[in-house]
Amino acid sequence: MRIHVVGPGAIGSLLAFHLKRATTHSVVLIPRKKPQTLVDVSKRGTSIQIFSPGSSQVDVTSGLELEYPGDTQEPIDALVVTTKAQHAKRAIEKLAPRLSRLSTLFLLCNGLPSIIPAVTQDIFPRDTHPSFIVGHTSHGVHRVDAPVVQGSTVCHGTWKHAGMGRVVCAVWPDAEDTANKERQDSPSLMAMKSALQACRALDVAFIDYNDWQTTALAKLAVNCAVNAASALIGTTNASLLSPTAYPFLSAVLREVAAVFAAEAEAEGLDGHHDALAHEHLLKMTLDMIASTQNNISSTLADVRRVQAAAEPEPYTELAHMNGWISTLGRKHGIITPLNDALPALVETKCQALAKGL
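Residues numbered from 1 in each chain as written. Predicted model: local features only at pLDDT ≥ 70, side-chain atom pairs only at ≥ 80, totals over all residues. Heavy atoms only, no water.

Novice: Help me understand the layout of surface pockets, please; the structure alone is not making it clear to me.
Specialist: Empty space among the atoms can be located by rolling a probe the size of a water molecule over them. Volume-wise, the second largest pocket comes out at about 610 Å³. Lining the second largest pocket are 22 residues; nearest its centre among them are Pro113, Tyr209, Gln213, Glu263 and Trp324. Secondary structure elements with two or more residues in the lining of the second largest pocket: α3 (112-123), α6 (209-233), α7 (246-267) and α10 (322-332). It is α3 that provides the largest number of residues to the lining of the second largest pocket, a total of six residues. Counted by class, the lining of the second largest pocket contains 15 nonpolar, five polar and two charged residues. No fewer than three residues from each of domain 1 (2-207) and domain 2 (210-355) sit in the lining of the second largest pocket. (1 Å grid on protein atoms, 1.4 Å probe; cavity = no way out; pocket = protein on both sides within 12 Å on 5 of 7 lines; lining within 4 Å. Points joined across faces, edges and corners; volume = space filled by probe spheres on them. Helix = DSSP H or I, 4+ residues; strand = E, 2+ residues; numbered from the N terminus. Nonpolar A, V, L, I, M, F, W, Y, C, P; charged D, E, K, R; others polar. Domains from an automatic or database assignment.)

Have a look at this one:
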């Protein structure tokens, strides 16, 4: 099977690295756009270099393939989407003609609770959509060196696996519908699940979709508290361990927990209350910060990229994190002033940097 990875940034590169190392499948990287410095290199062999947590030795996985949008219209067996949240729908739309009902689409993006409806309902007609796997991860990864041509090969980049975590996945229920035997037994779905589970170094787990929803909401809550704060402060996550950061993190999560409680009551969802309560979300957030204190958040990476090269607005994923909480808050009549303000503050910072201010 050929596994395509679109948006192979930090998490996408980590996953591609281990998929190639742990399986016999072909792994194809699809960057969102072709950098000017790497024109006409898609036919060359590609490698990824990663520093493992606590190690000064770099590990290399080679034999990957590189493909750019528009290079081919060949069918895709399995597509892994690890783009930024704000780019996910557009990236999938471009590749949708290459996907069939027997393909598998694995979504591994931040802000998935806000993205899933747009992907599952808007892009694919119900009778033609592929199988869906959804996932979230707590691994911390950031770039060390940019892609570079090395003789006959392309090094897609060097990355630092700064914090060990896990990948929690579920099969979207429609793909498990026993009335749809063809999709349920799709070879690509079964092969993709096996490939992910073979990546033992990433601690991949598949759980029931309803349970996954709860874990995904909790992960989103952590992102709401950490990502915007770290982007504004401009340092590694370690700075958020300061006692002065605690009241801010707690206040953001108090708004998030109130919104989750209202949504659960409105939708008649049971069994979510304790896992999504303020105290539990705060503990999860502090634990995550401690385990990834040497890493920078994906949002801070986005902000720093604005300084290095022009990126189209919106610059960050916060509209799919804090912004989604604000939307749900308005739906239930709950005020969320911090979550309202944080995306605007970070976007304002990005706009200033883009102008050289």
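Novice: I would appreciate a short explanation of α3 in the present structure.
Specialist: Working note: α-helix, 3.6 residues per turn, so residues spaced by three or four point in the same direction. In a regular helix each residue adds 1.5 Å, so twelve residues correspond to 16 Å; α3 covers 15 Å between its end C-alpha atoms and thus fits that length. Across the twelve residues of α3, nine count as buried, placing the element largely inside the fold. Within the span of α3, buried status applies to Leu112, Pro113, Ser114, Ile115, Ile116, Ala118, Val119, Thr120 and Ile123. In the core, the buried residues of α3 are packed alongside α2 (85-95), β6 (104-107), β7 (131-137), α6 and α10. (Expected span 1.5 Å × (residues − 1). Buried < 20%, exposed > 50% of the residue type's maximum accessible area, 1.4 Å probe, protein only. Contact = heavy atoms within 4.5 Å.)

Novice: Would you explain the pairing of strand β11 (residues 167-171) in this entry?
Specialist: Consecutive residues of a regular strand have side chains that alternate between opposite faces of the sheet. With five of five residues buried, β11 is to be regarded as a mostly interior element. Relative to β11, β7 runs antiparallel, the two sharing five bridges. From the neighbouring strand, threonine 137 faces β11, where its bridge partner is valine 167. Where β11 meets strand β12 (residues 204-206), three bridges bridge the pair, whose relative direction is parallel. Residue pairing for β12: cysteine 169 is matched across the bridge by phenylalanine 206. (Pairing = 2+ DSSP bridges.)

Novice: Is there a simple way to think about empty space enclosed by the protein in this case?
Specialist: Taken as a whole and assessed by the stated rule, the structure comprises two cavities of 30 Å³ or more. Considering only enclosed or pocket space, the largest cavity measures out at about 50 Å³ in volume. Along its surface, the largest cavity is lined by Cys109, Asn110, Gly111, Leu112, Pro113, Gly135, His136, Trp212, Ala216, Lys219, Leu220 and Asn223. Counting only elements with at least two residues in the lining of the largest cavity, the list comes to α3, β7 and α6. In terms of residues, the lining of the largest cavity owes the most to one element, α6, which gives five residues. Counted by class, the lining of the largest cavity contains six nonpolar, five polar and one charged residues. Looking at the lining of the largest cavity, you find at least three residues from each of domain 1 (2-207) and domain 2 (210-355). In this structure, the second largest cavity spans a volume of roughly 40 Å³. Lining the second largest cavity are Ile11, Leu14, Leu15, Leu108, Thr137, His139, Val167 and Leu202. Sort the elements by how many residues they give to the lining of the second largest cavity and helix α1 (residues 10-22) lands first, with three residues. Looking at the lining of the second largest cavity residue by residue, the classes come out as six nonpolar, two polar and no charged.

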